[in-house]
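Report on the structure
What follows is the residue order along each chain.
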Amino acid sequence: MMASIARSSLLRQVALVPKLPIATRLASQQSAIVNAARVATFHTTARRDLLPPLPQRVEGTVNDAAPVPETSPSHGSYHWTFDRLVAASLIPLTVAPFAAGSLNPTLDALLCATILIHSHTGFQNIIIDYVPKYRTPRARKLFVWGLNAATVVVGLALYEFETTDVGVTETIKRIWTA
Amino acid sequence: MIAQRAGTTALRRVAGKPNSFFTANVAKLGLAQPLSTTQTRPVATQKITAADAQALLAKQRLNRPVSPHLAIYDKQQTWFGGSAWQRITGSALSGGLYVFATAYLVAPLAGWHLESASLAAAFGALPLAAKGALKFLAAWPFAYHAVNGVRHLAFDLGYGFKRQTIVKTGWYIWGVSVVGGLYLAFFL
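Figured I'd write up the structure that's included with this text. A quick note: this is a predicted structure, and the numbers were derived from the prediction, not measured.

1. Details of the nonpolar core
Listed in full, the 12 residues of the largest apolar core are A:Cys112, A:Leu116, A:Phe123, A:Ile126, A:Ile127, A:Val131, A:Leu147, A:Val154, A:Ala157, A:Leu158, B:Tyr98 and B:Ala101. When residues in this core are grouped by element, the largest group, 5 residues, is from helix H5 (residues 105-130) of chain A. Ignoring any residue separated from it by four or fewer positions in sequence, one finds A:Leu147 in contact with A:His120, A:Phe123, A:Gln124, A:Ile127 and B:Tyr98. Core analysis: the second largest hydrophobic core is formed by 5 residues, A:Phe161, B:Ala103, B:Tyr104 and B:Leu114 among them.

Pasting the structure below:
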């Protein structure tokens, strides 16, 4: 037990190599190099598994066209416009505390709520991009509901913070000038 | 096996298009009679179900190269691209907020002190260099996300789409965000 933990996997691999005469080993290495060179002539770029493909399945037959998703403005253009309005409304809310020194509680709460919505939709976009529904449906569901839960928790925490402490902008100011 | 097949193929070719040398020496070579023109392959096919075939196909597809590859593009687009860093800085800022807010909510249960007064006191006790570094660590992503966010809103309204403009403003954003981050961290 101890020995197997102490020994590194590389050492173990070396130990597993059959004891061949050196001449045979050299010959096999040589042939491996020649084969690699032969294969490499057909490849213009090296293969790097930076982003390995996710699991996939074939819907219908291979000759079927990719299904076009149902159009829905509330998931499309309305959602897009809403996202932009939220982002744009963050500009005055972000500039105001720099101009005025701090924010009053109402504006501070508004800033927190807007940032929360902006963060939530931002994280949603990330999940939609990187956890595709057609490849990893279960992971997608897990991430979406995990985000929903996290946003509820953060909303609750921000409510607590806004009602019991001095507010987000004032806190940042105090930490910044501490 | 392949050598064997290559030999058979060569013989078949010769048999189909006989040349004078070959026909003259057929008897000598003793090949006239037993030369077979049917190709044999040392493999066997087997029937599989449609579901298995689909599974095999899906498995084969995983061996296809992933495209597009990150390394084939212009460096500015891939590594300094505004939209990628917008996402990175945004998720860093929002991730920080989510982590802090969750910690704040469980703080009374865990016995932590995360109220503004103790945070400010703890931060104030740090050495000057650490303060500046931490502030810059927060200020730079904020500056980048804010300035580049405005650029993206301009894109969304249809402005600034000339190729030169995209490249130029892409670099301006980096300059402005670094200067802005340094200003926020050390002069505010």
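So that's the structure; there's more coming.
2. Here we look at the packing of aromatic side chains
Under the criterion given, the structure shown has 14 aromatic pairs over all chains. Judged by centre distance (6.0 Å) and plane angle (80°), the ring pair of A:Phe161 and B:Phe100 falls under edge-to-face. Taken together, the positions of A:Phe161 in helix H6 (residues 137-164) and B:Phe100 in helix H5 (residues 82-110) put the pair across two chains. Exposure remark for B:Phe100: the relative accessible area of 29% places this residue in the partly exposed category. Seen from their ring centres, B:Trp140 and B:Trp174 are 5.6 Å apart, and the 25° between their planes marks the pair as stacked. Placement of the pair is B:Trp140 in helix H7 (residues 128-156) and B:Trp174 in helix H8 (residues 163-186), with a sequence separation of 34 residues. B:Trp140 gets classed as buried once you look at its relative accessible area, which sits at 15%. Taking relative accessible area as the criterion, B:Trp174 reaches 16% and is therefore assigned buried. Each member of the aromatic cluster is reached from another via a ring pair, and the members are B:Phe80, B:Trp85, B:Trp140, B:Tyr144, B:Trp171 and B:Trp174.

Reading guide: rules and limits
Residues numbered from 1 in each chain as written. Chains lettered and ligands numbered in written order. Predicted model: local features only at pLDDT ≥ 70, side-chain atom pairs only at ≥ 80, totals over all residues. Heavy atoms only, no water. Core = buried A, V, L, I, M, F, W, Y, C linked by side-chain atoms within 4.5 Å. Buried < 20%, exposed > 50% of the residue type's maximum accessible area, 1.4 Å probe, protein only. Helix = DSSP H or I, 4+ residues; strand = E, 2+ residues; numbered from the N terminus. Contact = heavy atoms within 4.5 Å. Phe/Tyr/Trp six-rings, centres within 6.5 Å; stacked < 30°, edge-to-face > 60°.

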